[in-house]
Amino acid sequence: MGRIVLDQVSKSFGDVEVIPPLDLTIDDGEFTVFVGPSGCGKSTLLRLIAGLEDTTSGHIRIDGEDATNVPPAKRGLAMVFQSYALYPHMSVRKNIAFPMRMAKMSQEEQDKRIEAAAKALNLTDYLDRRPGQLSGGQRQRVAIGRAIVREPSAFLFDEPLSNLDAALRVGMRMEISELHKKLDTTMIYVTHDQVEAMTMADKIVVLQAGVIEQVGTPLELYRAPRNVFVAGFIGSPK
Ligand code: ADP
Ligand code: MG
């Protein structure tokens, strides 16, 4: 579960086409990073997949089903926002439980999922604290916990670490990679940071002005960048 196929997907805002028609396949269980400079359309592409923006043309298939017109909550995907999207007045437990409460899930099932998420994220001892009593990294883990309990077929991250300091970012990268191994679920991760892309990705999608310049493993992009833009952006010798 978690195979996502974009078929001639495009997006315009008014007269401005920010994403010309593109094709892209994200394989089941893969850690895919969308990387490119600010304004190149990474967030827009992620939001199209999430269903938070409507496509101007083309089709999105998730696990074989046409999801182009399926509302976000029914796509089986979970978007991880930056940690400032937590509710400050709620405990960690309640923050993590929030999507399950909205879905009116049984208390027993909620408790089970909270426990599993807390364990996976090393948050077991912090469930009764409030976000304000946590470190930045712990807060980001709570935001991820809120996505995990939905048991999505894919996780969508939009620059989740950009408001953490450099040292914390390194640690959180490792934690997210570790989580990907544990959960074995598709993850799409948006960043403008080449180091993040090169160290975390199974597959990198390099974007410039809404156009996919190259798709490949970090090593492929490093060894054989298709053009000067990719070479310059990735920092390889071409
Ligand atoms: P990135 O995430 O790579 O920084 P975005 O996807 O946020 O880029 O934006 C891509 C382009 O689309 C930018 O030129 C941005 O100004 C434009 N854009 C994004 N969202 C909107 C919107 N809701 N209305 C108009 N233009 C938008
Ligand atoms: Mg963005």
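Residues numbered from 1 in each chain as written. Chains lettered and ligands numbered in written order. Predicted model: local features only at pLDDT ≥ 70, side-chain atom pairs only at ≥ 80, totals over all residues.

Looking up the protein chain in an unreviewed UniProt entry gives the name ABC transporter ATP-binding protein, with the organism given as Aliiroseovarius halocynthiae. Within the UniProt record for the protein chain, the comment given under Sequence similarities (unreviewed entry) is "Belongs to the ABC transporter superfamily." (UniProt positions renumbered as here; feature names shortened; annotations may be inferred.)

**Focus: the pairing of strand S10 (residues 211-216)**
Pairing of strand S9 (residues 203-208) with S10, which is carried by 5 bridges, proceeds in the antiparallel orientation. Along S10, the bridge assignment pairs Val 206 with Gln 214. (Pairing = 2+ DSSP bridges. Helix = DSSP H or I, 4+ residues; strand = E, 2+ residues; numbered from the N terminus.)

**Describing the pairing of S9**
Along any regular strand the residues' side chains alternate between the sheet's two faces. Note that strand S3 (residues 31-35) and S9 share 4 bridges and pair parallel. Looking across to S9, one finds that Val 35 is bridged to Val 206. Linking S9 to S10, which pair antiparallel, is a turn of 2 residues; within it Ala 209 sits at a positive phi near 50 degrees.

**Here we look at the sheet that holds strand S4 (residues 57-62)**
If you trace the 4 strands from one edge of the open sheet to the other, you get S2-S1-S4-S5, paired in antiparallel fashion. Edge positions in the sheet fall to strand S2 (16-26) and strand S5 (65-66), since each has one partner strand and no second. As judged from the 2 bridges shared by S4 and S5, these two strands associate in the antiparallel manner. The residue of S5 that forms the bridge with Arg 61 is Asp 66. Helix H1 (residues 42-50) contacts strand S1 (4-13), S2 and S4 of the sheet and is inclined by roughly 120 degrees relative to S1. (Contact = placed C-beta atoms within 7 Å. Axes fitted to C-alpha atoms, helices over the stretch in contact; angles between N-to-C directions.)

**Structural notes on the site of ligand 1**
The full set of residues close to ligand 1 is Phe 13, Val 18, Gly 36, Ser 38, Gly 39, Cys 40, Gly 41, Lys 42, Ser 43 and Thr 44. With 3 residues, H1 is the largest single contributor of residues to the shell around ligand 1. Residues belonging to the shell around ligand 1 are distributed by class as follows: 3 nonpolar, 6 polar and 1 charged. (Near = placed C-beta within 6 Å. Nonpolar A, V, L, I, M, F, W, Y, C, P; charged D, E, K, R; others polar.)

**Considerations on the packing of helix H2 (residues 92-102) against helix H4 (residues 136-148)**
Contact pair H2 / H4: the axes reach a minimum separation of 7 Å and the direction vectors enclose 35 degrees. Crossing of H2 against H4: the hand is right-handed. Contacts between H2 and H4 involve Val 92, Asn 95, Ile 96, Phe 98 and Pro 99 from the first element and Val 142, Gly 145 and Arg 146 from the second. When the residues that make up the contact of H2 with H4 are grouped by side-chain class, the tally is 5 nonpolar, 2 polar and 1 charged. (Left-handed = near helix turned anticlockwise from the far one by under 90°.)

**Topic: the environment of Leu 221**
Topologically, Leu 221 is positioned in helix H7 (residues 218-223). Overall, Leu 221 belongs to the buried group, with 28 C-beta atoms counted inside 10 Å. Once the C-alpha coordinates of Leu 221 and Met 198 are considered, the two residues, 23 residues apart in sequence, prove to be 9.2 Å apart. Not counting the four nearest positions on each side in its chain, Leu 221 is found in contact with Ile 204, Val 206, Gln 214, Gly 216, Val 230 and Ile 234. (Buried ≥ 20, exposed ≤ 12 C-beta atoms within 10 Å, placed from the backbone.)

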